[in-house]
Structure formats: structure tokens, C-alpha cells
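Survey of secondary and tertiary structure
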Amino acid sequence: MTVTIYHNPKCGTSRNALAMIRASGEEPEIIEYLQTPPSRERLVELLGMMKMKPRDLLRRKGTPYDELGLDDPKWRDDELIDFMLAHPILIERPIVVSEKGAVLARPSEKVLDVLPNPDIGTFTKEDGEVVRRG
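The text that follows walks through the structure, step by step, so that each part is easy to find. If you're wondering where the values come from, they're calculated on a predicted model, not measured in any experiment. (Residues numbered from 1 in each chain as written. Predicted model: local features only at pLDDT ≥ 70, side-chain atom pairs only at ≥ 80, totals over all residues. Heavy atoms only, no water.)

Considering helix α1 (residues 12–23)
The terminal C-alpha atoms of α1, which comprises 12 residues, lie 16 Å apart, in line with the 16 Å expected from a rise of 1.5 Å per residue. Residues Thr-13, Ser-14, Asn-16, Ala-17, Leu-18, Met-20 and Ile-21 constitute the buried set of α1. Against β1 (4–7), β2 (29–32), β3 (95–98), β5 (121–124) and β6 (130–133) lie the buried residues of α1. One or two steps after α1, the chain reaches Gly-25, where phi turns positive at roughly 100°. (Helix = DSSP H or I, 4+ residues; strand = E, 2+ residues; numbered from the N terminus. Expected span 1.5 Å × (residues − 1). Buried < 20%, exposed > 50% of the residue type's maximum accessible area, 1.4 Å probe, protein only. Contact = heavy atoms within 4.5 Å.)

If you want it as C-alpha cells, here you go:
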């Protein structure tokens, strides 16, 4: 089984999700989505797999969200996708995909829902929070 993570190495939540994937025994395909953004087709596919609307996947903190006025309800889904493609930093992360589905791993332990072996024992996140699964 292949696990893929759309990852930002500067994000603690993304680093924790990646560490949990590895703790489960998987070595995922890592896509640093800021350097290699998903195509429109792939982004639409990911949204469908996660049963999310584009607005639900928008990241506000540390992005041009406010300056672009993306909280305005006038923006249609296809327009919000256009913004995410033009500014990949607007895509919330990490997104993890496996044969079991796709999840926005926020909080990072949501990644366990799509791992083939979610038994990672006791895991300590970067902030000291302990996650137990097994």
C-alpha cells in the first residue's frame, strides 16, 4: 500500500503526521506541495475523497487569504480552487492519502484513520502531547 502526504516541512502538524506514518511502518511518498502543487484535477479529486468543499480546505493563517478577500461568500468553488492553485500556501495541510481514503490530518492523529496499520503505540508530538494508539 502506498501512503502519500502533501507536506510542508515547516509545519509542526505536518511533521507530526509524517512521523506517525513512519511510526506505523510506512515510508510515504512525500509531496512538498508548496514546490509541487497538485493539479486542478488532483485537488478536485482530493476534495472529493475527503468530502470537503474548497472553502473547507482554505488556510487563513500565514497566507494571502485576508488580502484576497476570500471570506467573501461571493467566491464560487471553482474560483476558490483557482486561488489555491495560484497560491498553494492557501491549501490547508497535511493531506494524507492511502488505499483507505484521504484525510486532512488536523489534528495530526487524524492520519491514523487512513493508515493500513494505525497501531503506533505511544507517540509524543512535538509539543509534548501524547497520542496512544494500539
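A word on the pattern of salt bridges
Counted by the stated rule, this structure contains 13 salt bridges. The closest approach of N and O atoms between Arg-42 and Glu-45, which form a salt bridge, is 2.7 Å. Of this pair, Arg-42 and Glu-45 both sit in helix α2 (residues 40–50), 3 residues apart, roughly one helical turn. Overall, the relative accessible area of 22% leaves Arg-42 in the partly exposed class. What emerges from the salt-bridge pattern is a single network uniting Arg-59, Glu-92 and Arg-106. (Salt bridge = Lys/Arg side-chain N within 4 Å of Asp/Glu carboxyl O.)

Points about the environment of Ala-17
For Ala-17, the position within the fold is in helix α1. The class for Ala-17 is buried, based on a relative accessible area of 0%. For the pair Ala-17 and Asn-117, spaced 100 residues apart in sequence, the C-alpha to C-alpha distance is 14 Å. Residues contacting Ala-17, with those up to four places away along its chain left out, are Ile-5, Pro-94, Ala-105, Ser-108 and Val-111.

Looking at the sheet that holds β2
Strand order across the open sheet formed by 4 strands is β2-β1-β3-β4, with mixed pairing between neighbours. Edge positions in the sheet fall to β2 and β4 (101–104), since each has one partner strand and no second. Here the strands of the sheet are splayed against their neighbours by 15° on average, with no regard to which way each runs. Judged from the 3 bridges that link them, β1 and β3 form a sheet pairing that is antiparallel. (Pairing = 2+ DSSP bridges. Axes fitted to C-alpha atoms, helices over the stretch in contact; angles between N-to-C directions.)

Any functional reading would require information that these geometric values do not contain.
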